[in-house]
Amino acid sequence: MSFFEIRNSACKTHTLSVLASALLLTTPTFASATETKTYTEVKEQGRVLFDKYGISHELPKLAISSLVQGEHLVEHAHRTLQVGDEVRDSSVYLVKNTDSKGNIDLRIKYNPEELDENENLLDEIEAFTRTEYRLRDYAESFDSSSVRVKEIDDNKVIISFDYSKYGLPQDIAYFRFLNVDIELIDGVPKRMLITNDKPFNHHVYKVENYRQEIEFHTLDSGKVVIASKATEVIGTSKNKPMKMTSLVEPVAFYEDDNGVQVVNEERLQEVSDPRMLEASVKLDRIFPLMGDMVRRQGIDLPLPFGVSVAYRNQDMDIPMTDYVIGGVRLNDLFDPEDSVATVKAESISIRGDVNILPFWNVFGYVGKVNVDANVDAAYTGAAGEYLKDKLNDKLPGLGNALCEGVSALCNSGRLNVPLHLEYDLRGAGTTLSVGYKEFFASVTGTYSQTRLKGMDDWGDGIVTVQPMLGYQFVDYRAQFFVGAEYQGLNSRMQGTVKTDDIEFDYDVGVDIDQWAFLTGVNKQIGKHYNMTVLYNKGETRSAVTLNLGYRF
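Residues numbered from 1 in each chain as written. Predicted model: local features only at pLDDT ≥ 70, side-chain atom pairs only at ≥ 80, totals over all residues. Heavy atoms only, no water.

**Some thoughts on the overall build of the chain**
The secondary structure content of the chain amounts to nine helices and 26 strands. Across the 552 residues in the chain, those meeting the buried criterion constitute 48%. In the chain, the proportion of contacts linking residues at least 24 apart, taken out of those at least 6 apart, comes to 64%. Carbon and sulfur atoms provide 53% of the accessible area of the chain, an area that totals close to 26,800 Å². (Helix = DSSP H or I, 4+ residues; strand = E, 2+ residues; numbered from the N terminus. Buried < 20%, exposed > 50% of the residue type's maximum accessible area, 1.4 Å probe, protein only. Contact = heavy atoms within 4.5 Å. Areas by Shrake-Rupley, 256 points an atom, 1.4 Å probe, with all protein chains shown as cover.)

Shown next, in the form of structure tokens:
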């Protein structure tokens, strides 16, 4: 039975407003802060062998990024791509210039007749060179524990190693499947051969066989540079056989101390032709601040900006402790200890975020919350007994007749009040995170508010906190984590209810457990996408959250 009907449009500050605020997804932004070997470990292991044979610690990077071999240089790149029966062939020049502050100006110069009209090679080169730029200051990219030496004879030595699985970002993480052999003749690097030990995915390609051969050349200054970098990739693309070959060769080096080192005069003249078209590659990004400094320590950072869509489904059982309606305590009429409110809420929100610092993410969000609730109150029958005694005193038997006619008034029973409410949602939050190798820790805090649909005023805010510890499965770019979730819900719910011309205040005591267990998994899908699933379980609530995000 129901004594009144709650109408959504007439409720200014409803009981469940603060509960709805707690239904927001507070998915952290994972910094993928997995670290390479420390400087000391590298020095004690891989550095010792590299130093013994006089190999520069920059040499392994040349397979990943040719931009590390000079501040001012010109390169020529030629690529042939065959997918099924279709063959595409293109050539371009890359011109790199570095100013006194270390800022790089990178330009692509090309003859349109040497670009295949059916492929977006310039876009691919821009993405590739942007990656190379990010890698120029990485810590040693090789796994120091994997360094091996094989002395063939007195003049020839083969040094082998694997790339680190910790320090490489998602878009070139396939390097962790590659094996490297450096060939030294009379102590001078002559060749580096890179092959894969297992198939891997690279962009839209499924690679079965990967082979890259780098020939080295020593400049007059004694600096070792790339003479040629030849790559052959065999696999499939969209279930069609694929073969890609590329050849990158230097044209000229411009050194402050040693002047111009021209490697190919004919190509230098061609790239200097004013009729060549030019495209600029934007490399520098403002966020995250201090990003380059962190990358030099071998820490992989996610892209700085993100948007995501989150869906959350939460169930709550809320025990009652006290009833005050219109300033009158009604615990004699309704037994709080035998009353409970069951709340089922669904929320969907859109969030935008940015990594201000490598370990600090801030975000804001808007969304909608739908709440279906049922207040199951234990009616004691005390009101009927009171009226029965009063009426019997006035007229014997009148009170008994009232109770016989309206038995629900005099007998104990259950009072169910169903509610359906819709809210607007807004809020902001921040995530702090740290990591070491496969392990990471983070804490996310949010402040959110809700507004009943059709109303102008926003309800009281609520704070949510999620501390977590996690483990990253590096080869799968996935993180598993456990922790807790705090929802700062008040022990009393207060507000005003209007129904037609009747208006009254309420103040209901509740017994809510503010902490709940939290576990979940986050999976990176390629360079830009990620999916997160969270599960919460506490004494008074449980929730499942799904988040789909895109980073750029």
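**Details of unusual backbone geometry**
Within the chain, Asp-186 stands out as a residue other than glycine whose phi angle is a positive 55°. Note that Asp-186 resides in the loop between strand S6 (178–185) and strand S7 (188–196). Although it is not a glycine, Lys-238 sits at a positive phi angle of roughly 55°. Turning to its location among the elements, Lys-238 is positioned in the loop between strand S10 (224–237) and strand S11 (240–255).

**Overview of the environment of Ile-104**
Mapped onto the secondary structure, Ile-104 falls in strand S3 (residues 104–110). For Ile-104, a relative accessible area of 9% corresponds to the buried category. Distance in space between the C-alpha atoms of Ile-104 and Val-281 is 9.7 Å, their sequence separation being 177 residues.

**Details of the side chain of Asn-522**
Following the sequence through the fold, Asn-522 ends up in strand S24 (residues 515–525). Classification of Asn-522 as buried rests on a relative accessible area of 3%. A polar side-chain atom of Asn-522 sits 3.3 Å from a polar atom in the side chain of Asn-530. Of the polar contacts made by the side chain of Asn-522, one reaches the side chain of Thr-532; its length is 2.6 Å. (Polar contact = N/O pair within 3.5 Å; in protein donor to acceptor, adjacent residues only side chain to side chain.)

**Some words on the pairing of S11**
Sheet topology note: the strand S1 (residues 73–83)/S11 ladder contains eleven bridges and is antiparallel. The partner of Leu-81 across the bridge, within S11, is Met-244. Two strands pair when backbone bridges link them, and S10 and S11 are joined in this way by nine bridges, in the antiparallel orientation. Residue pairing across strands places Thr-231 opposite Ser-246, the latter belonging to S11. Across four bridges, the pairing between S11 and strand S12 (residues 259–262) is antiparallel. (Pairing = 2+ DSSP bridges.)

**Concerning the pairing of strand S26 (residues 541–551)**
As paired strands, strand S14 (residues 305–325) and S26 are joined by eleven bridges and run antiparallel to one another. Bridged to Ser-308 within S26 is Gly-549. Of the pairings in the sheet, the one linking strand S25 (residues 529–537) to S26 comprises nine bridges and is antiparallel in character. Considered in S26, the bridge of Asn-530 is made with Gly-549. Where S25 folds back on S26, the antiparallel hairpin that results is connected by three residues.

**Structural notes on the packing of aromatic side chains**
Two aromatic rings, taken as a pair, are described by how far apart their centres are and by the angle between their planes. All told, the structure shown has ten aromatic pairs when counted by the stated rule. The interplanar angle of 55° and the centroid separation of 6.1 Å between the aromatic rings of Phe-200 and Tyr-210 together place this pair among those described as tilted. With Phe-200 in strand S8 (residues 200–202) and Tyr-210 in strand S9 (residues 205–218), the pair connects residues that are ten residues apart, well separated along the chain. Comparing Phe-200 with Tyr-210, the two get one shared label, buried. Directly above the aromatic system of Phe-363 lies the positively charged group of Arg-351, at a separation of 4.3 Å from the ring centroid. When the ring centre of Trp-458 is taken as origin, the NZ or CZ atom of Arg-426, which lies over that ring, is 4.1 Å away. (Phe/Tyr/Trp six-rings, centres within 6.5 Å; stacked < 30°, edge-to-face > 60°. Lys NZ or Arg CZ within 6 Å of the ring centre and 35° of its normal.)

**Things to note about the pattern of salt bridges**
Under the criterion given, the structure shown has 16 salt bridges. As a salt-bridge pair, Arg-107 and Glu-278 come within 3.1 Å of each other at their nearest N and O atoms. A residue pair is termed long-range when its members are at least 10 positions apart, and Arg-107 in strand S3 and Glu-278 in strand S13 (residues 277–281) qualify at 171 residues. What makes Arg-107 partly exposed here is its relative accessible area of 27%. Among the residues examined, Glu-278 registers a relative accessible area of 42% and is labelled partly exposed. Close ionic contact of Arg-267 with Glu-249 constitutes a salt bridge, the shortest N to O distance being 2.7 Å. Placement of Arg-267 in helix H5 (residues 265–271) and of Glu-249 in strand S11 is noted, with a sequence separation of 18 residues between them. Overall, the relative accessible area of 23% leaves Glu-249 in the partly exposed class. Members of the salt-bridge network, linked through shared partners, are Lys-156, Glu-183, Arg-191, Arg-211 and Glu-213. (Salt bridge = Lys/Arg side-chain N within 4 Å of Asp/Glu carboxyl O.)

**Side note on the confidence of the model for the chain**
Mean pLDDT for the chain: 79, with 73% of residues reaching 70 or above. Contacts from residues 22–26, a stretch scored under 50 in pLDDT, to residues over four places away or in other chains number 26 contacts. Taken as a whole, residues 31–40 scores under 50 in pLDDT and shows 43 contacts with residues more than four places along the chain or in a different chain. (pLDDT = per-residue confidence, 0-100.)

**Quick notes on the nonpolar core**
Ranked by size, the top nonpolar core spans 32 residues in total, and within it Ile-159 and Phe-161 carry the most contacts. Residue assignment for this core shows that the elements contributing at least two residues are S1, strand S5 (156–162), S6, S7, S9, S10 and S11. Tallying contributions element by element places S9 first for this core, with five residues. Counting residues in hydrophobic clusters, the runner-up holds 26 residues, among them Ile-318, Tyr-323, Val-343 and Leu-415. (Core = buried A, V, L, I, M, F, W, Y, C linked by side-chain atoms within 4.5 Å.)

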